[in-house]
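Below are the chains, spelled out letter by letter.
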Amino acid sequence: MGGVTERIRYVAGGASRQDSVRCGLQSLADAPGDAVVLVHDAARPFVSVDLIERCIASAVEYGSGVAAVPVHDTIRRADENDVPVQTVDRTGLWAMQTPQAFRLDLLRRASDRAEQTGFQGTDEASLVEQLQGVRLVKGDRENIKITTSDDLRFAEQWLGGRMPEMRVGCGYDIHRLVEGRDLWLGGVKIPYDRGLDGHSDADVALHAICDALLGAAGMPDIGQLYPNTDESITGASSIGFLMDVADRLASAGWTVMNVDCTLIAERPKIGPYVSRMREKISYALKIEPARVGIKATTNEGLDDTGAGAGIACHAAACLIGCRR
Ligand code: MG
């Protein structure tokens, strides 16, 4: 808005909505008259960006854009004893919502006029109507006004339908130990006389965690995303795969709640490196280290892993996402 540089300007309100809006308008004395001002009721927390944009567009073109929905219920007028005395024809009736958007100079004039005449309106449209007709913008049924405890319960139930979706995934990987390779586990280089064999750095822990995350999100697995036929990733650091997976998840609206993995290695001892692994993995996933679990066990000498021929890893991951 021209002339107004602060992003938020706090203004004390008045005794009524009309008074509060007037206080707000007075604080905009430095804004140009052709600016668009929107009045929104804080009791309508479910307003959509789309509705706000349509109200602004209408105010730019016509001077006003007031959110409203057609009345679908039958309307009946009752006397002071709640006895119905008249059924009101609902044809052409609209229930007013907010936002109510106006050219600033128009709403200023309407507010001044109401001040002079003592007119009390229940919304800004009724003030502007003292000067000229207003333009309605089709509102949203979801843009409810929370006034009573029943409204609050309804809103909670409605929000309940939008509870974050939770997903769980699992991953597994195993690589052979061979001479002449560095040993990378959980993004940490571990001193050992052999390393894991593979196309990349063969970090089984990161590979299993990547697959658990990708599986939870229903995305293609690590073998499809980073195939061993891709020469550009020969010898690649798997922490790069994990960071790429984190980006893919974030782009799709998923938040990583936690990952957990169990390394199965007869040798070397993993324990001294666990805290550095947690740091590396939490950094790559942009989560706290407390959300990264790393355990290690041996295979008690059983099968080839138990004989020390390779290292394996099982992983699990939990994601949440706001997806309706
Ligand atoms: Mg692998």
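Residues numbered from 1 in each chain as written. Predicted model: local features only at pLDDT ≥ 70, side-chain atom pairs only at ≥ 80, totals over all residues. Heavy atoms only, no water.

## Section: the overall build of the protein
Turning to step 1, where the next piece is worked out: Along the protein, the regular secondary structure elements total 10 helices and 13 strands.
Turning to step 2, where the next piece is worked out: Against the 2.2 N^0.38 benchmark of 20 Å for 324 residues, the protein shows a C-alpha radius of gyration of 31 Å, more extended than a compact globule.
Turning to step 3, where the next piece is worked out: Its C-alpha atoms give the protein principal-axis dimensions of roughly 90 × 50 × 35 Å.
Turning to step 4, where the next piece is worked out: With 324 residues in all, the protein has 39% of them scored as buried.
Turning to step 5, where the next piece is worked out: Here the analysis covers contacts within the protein between residues at least 6 apart in sequence; of these, 72% occur between residues at least 24 apart.
Turning to step 6, where the next piece is worked out: Summed over its atoms, the accessible surface of the protein is roughly 18000 Å², and 51% of this surface lies on carbon and sulfur atoms.
Turning to step 7, where the next piece is worked out: Side chains of the protein carry 35 positive and 45 negative charges; the gap between the two charge centres is 3 Å. (Helix = DSSP H or I, 4+ residues; strand = E, 2+ residues; numbered from the N terminus. Rg over C-alpha atoms; globule rule 2.2 N^0.38 Å. Buried < 20%, exposed > 50% of the residue type's maximum accessible area, 1.4 Å probe, protein only. Contact = heavy atoms within 4.5 Å. Areas by Shrake-Rupley, 256 points an atom, 1.4 Å probe, with all protein chains shown as cover. Lys, Arg positive; Asp, Glu negative; His and termini not counted. Charge placed at Lys NZ, Arg CZ, Asp CG, Glu CD.)

## Quick look at the layout of surface pockets
Turning to step 1, where the next piece is worked out: Empty space within the second largest pocket amounts to approximately 220 Å³.
Turning to step 2, where the next piece is worked out: Lining the second largest pocket are 15 residues, and of these His175, Ser200, His207, Tyr226 and Asn228 lie nearest its centre.
Turning to step 3, where the next piece is worked out: Ranked by the residues each element gives to the lining of the second largest pocket, the list is headed by strand β7 (residues 165–179), at 3 residues.
Turning to step 4, where the next piece is worked out: When its residues are assigned to classes, the lining of the second largest pocket shows 6 nonpolar, 7 polar and 2 charged. (1 Å grid on protein atoms, 1.4 Å probe; cavity = no way out; pocket = protein on both sides within 12 Å on 5 of 7 lines; lining within 4 Å. Points joined across faces, edges and corners; volume = space filled by probe spheres on them. Nonpolar A, V, L, I, M, F, W, Y, C, P; charged D, E, K, R; others polar.)

## A few points about the pattern of salt bridges
Turning to step 1, where the next piece is worked out: Counted by the stated rule, this structure contains 16 salt bridges.
Turning to step 2, where the next piece is worked out: Put simply, arginine 17 and glutamate 124 hold a salt bridge, and the shortest N to O gap is 2.6 Å. With arginine 17 in helix α1 (residues 17–26) and glutamate 124 in helix α4 (residues 124–128), the pair connects residues that are 107 residues apart, well separated along the chain.
Turning to step 3, where the next piece is worked out: Residue class for arginine 17 comes out partly exposed when judged on its relative accessible area of 28%. (Salt bridge = Lys/Arg side-chain N within 4 Å of Asp/Glu carboxyl O.)

## Structural notes on the sheet that holds strand β5 (residues 94–103)
Turning to step 1, where the next piece is worked out: Spatially, 4 strands are ordered β1-β5-β2-β6 in an open sheet, and the strand pairing comes out mixed. Sheet topology places β1 (36–39) and β6 (136–138) at the edges, where each strand pairs with a single neighbour. Going across the sheet, the axis of each strand differs from the next one's by a mean of 30 degrees, ignoring polarity.
Turning to step 2, where the next piece is worked out: Pairing between strand β2 (residues 64–70) and β5: 6 bridges, direction antiparallel. Note that in β5 the partner of serine 64 across the bridge is phenylalanine 102.
Turning to step 3, where the next piece is worked out: Of the strands in this sheet, β1, β2, β5 and β6 are in contact with helix α2 (residues 49–62), which crosses β5 at around 60 degrees.
Turning to step 4, where the next piece is worked out: Relative to the sheet, helix α3 (residues 104–117) contacts β1 and β5, its axis offset from that of β5 by approximately 115 degrees. (Pairing = 2+ DSSP bridges. Axes fitted to C-alpha atoms, helices over the stretch in contact; angles between N-to-C directions.)

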